[in-house]
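Overview (structure and organization)
Residues per chain, in single letters:
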Amino acid sequence: MRINCPHCGTRPVEEFTFNGDASVQRPASNDPKTMDQWFDYVYLRDNPKGRFDEYVHHSSGCRAWLVVTRDTQTHEVFGVVTARDHAKKRVKA
Ligand SMILES: [Zn+2]
């Protein structure tokens, strides 16, 4: 698998570290009544089959945080954006 880093170009997957689901959203409140939401946020993850947004660190390259959209079965990569651009897009939605 090869990943097209927005800063470095297409690089082998061995240069990257995968860091989990990029669709999880931090609860807005610290109120103790939201502890169930915090438990879900910290500990519970889906194991999807198919298209998946995932945080990836270019640990052996530019050290940028990226969000890679890929198929978990075929490993086909559909897109790569910086984590910053992903967060901006999420705020607008
Ligand atoms: Zn890079």
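Residues numbered from 1 in each chain as written. Predicted model: local features only at pLDDT ≥ 70, side-chain atom pairs only at ≥ 80, totals over all residues. Heavy atoms only, no water.

Counting nine residues, the largest nonpolar core consists of Ile 3, Cys 5, Val 13, Phe 16, Val 56, Ala 64, Leu 66, Val 68 and Val 80. Contributions of two or more residues to this core are made by β1 (2-5) and β5 (65-71). Sequence-distant contacts of Phe 16, that is, excluding residues within four places in its chain, are made with Ile 3, Cys 5, Arg 11, Val 56, His 57, His 58, Ser 59 and Leu 66. (Core = buried A, V, L, I, M, F, W, Y, C linked by side-chain atoms within 4.5 Å. Buried < 20%, exposed > 50% of the residue type's maximum accessible area, 1.4 Å probe, protein only. Helix = DSSP H or I, 4+ residues; strand = E, 2+ residues; numbered from the N terminus. Contact = heavy atoms within 4.5 Å.)

Turning our eyes to something else, we now look at the packing of aromatic side chains. Summed over the entire model, instances satisfying the criterion amount to two aromatic pairs. Their ring planes at 90° and their centres at 5.6 Å tell us that Trp 38 and Tyr 41 sit as a pair that is edge-to-face. Remark: Tyr 41 and Trp 38 occur in helix α1 (residues 35-43); sequence separation between them is three residues, near one turn of the helix. Tyr 41 gets classed as partly exposed once you look at its relative accessible area, which sits at 23%. Just above the ring of Phe 78 sits the side chain of Arg 51; from NZ or CZ to the centre is 4.1 Å. (Phe/Tyr/Trp six-rings, centres within 6.5 Å; stacked < 30°, edge-to-face > 60°. Lys NZ or Arg CZ within 6 Å of the ring centre and 35° of its normal.)

Before going further, it helps to spend a moment on a nonpolar patch on the surface. Together, Phe 39, Val 42, Tyr 43 and Leu 44 line one region of the surface with nonpolar side chains, adding up to about 440 Å² of accessible area. Topologically, Val 42 is positioned in helix α1. Here Val 42 falls in the partly exposed class, since its relative accessible area comes to 45%. (Patch = residues over 30% accessible without salt bridge, like charges linked within 9 Å, V, L, I, M, F, W, Y side chains within 5 Å. Areas by Shrake-Rupley, 256 points an atom, 1.4 Å probe, with all protein chains shown as cover. Salt bridge = Lys/Arg side-chain N within 4 Å of Asp/Glu carboxyl O.)

Right, let's get into the coordination of the zinc ion. For the zinc ion, every protein donor is listed as Cys 5 (SG), Cys 8 (SG), His 58 (ND1) and Cys 62 (SG), and the spread of their distances is 2.1 to 2.4 Å. For the zinc ion, the four donor atoms in the first shell make angles of 104 to 116° at the metal, a pattern classed as tetrahedral. In primary-sequence terms, the residues that donate to the zinc ion follow C-x2-C-x49-H-x3-C. For His 58, a relative accessible area of 0% puts it in the buried group. (Donors = N, O, S within 2.8 Å, 3.2 Å for Na, K, Ca; no water. Tetrahedral: all angles 85-135°; square planar, octahedral: opposite > 155°, others 65-115°.)

So, on to the pattern of salt bridges. Tallied over the full model, the rule gives two salt bridges. We note a salt bridge from Arg 11 to Glu 15, for which the minimum N-O separation is 3.2 Å. Owing to a relative accessible area of 30%, Arg 11 belongs among the partly exposed residues under this scheme.

A separate point is the sheet that holds strand β6 (residues 77-82). Strand order in the open sheet formed by four strands is β3-β4-β5-β6, with antiparallel pairing between adjacent strands. Each edge of the sheet is formed by a strand with only one pairing partner; in this case those strands are β3 (17-21) and β6. Strand-to-strand, the axes of this sheet are offset by a mean angle of 30°, without reference to chain direction. The pairing of β5 with β6 spans five bridges and is antiparallel. Looking at the pairing, Val 68 lines up with Val 80 of β6. Across the face of the sheet, helix α2 (residues 83-92) comes into contact with β4 (51-57), β5 and β6 while running at roughly 90° to β6. (Pairing = 2+ DSSP bridges. Axes fitted to C-alpha atoms, helices over the stretch in contact; angles between N-to-C directions.)

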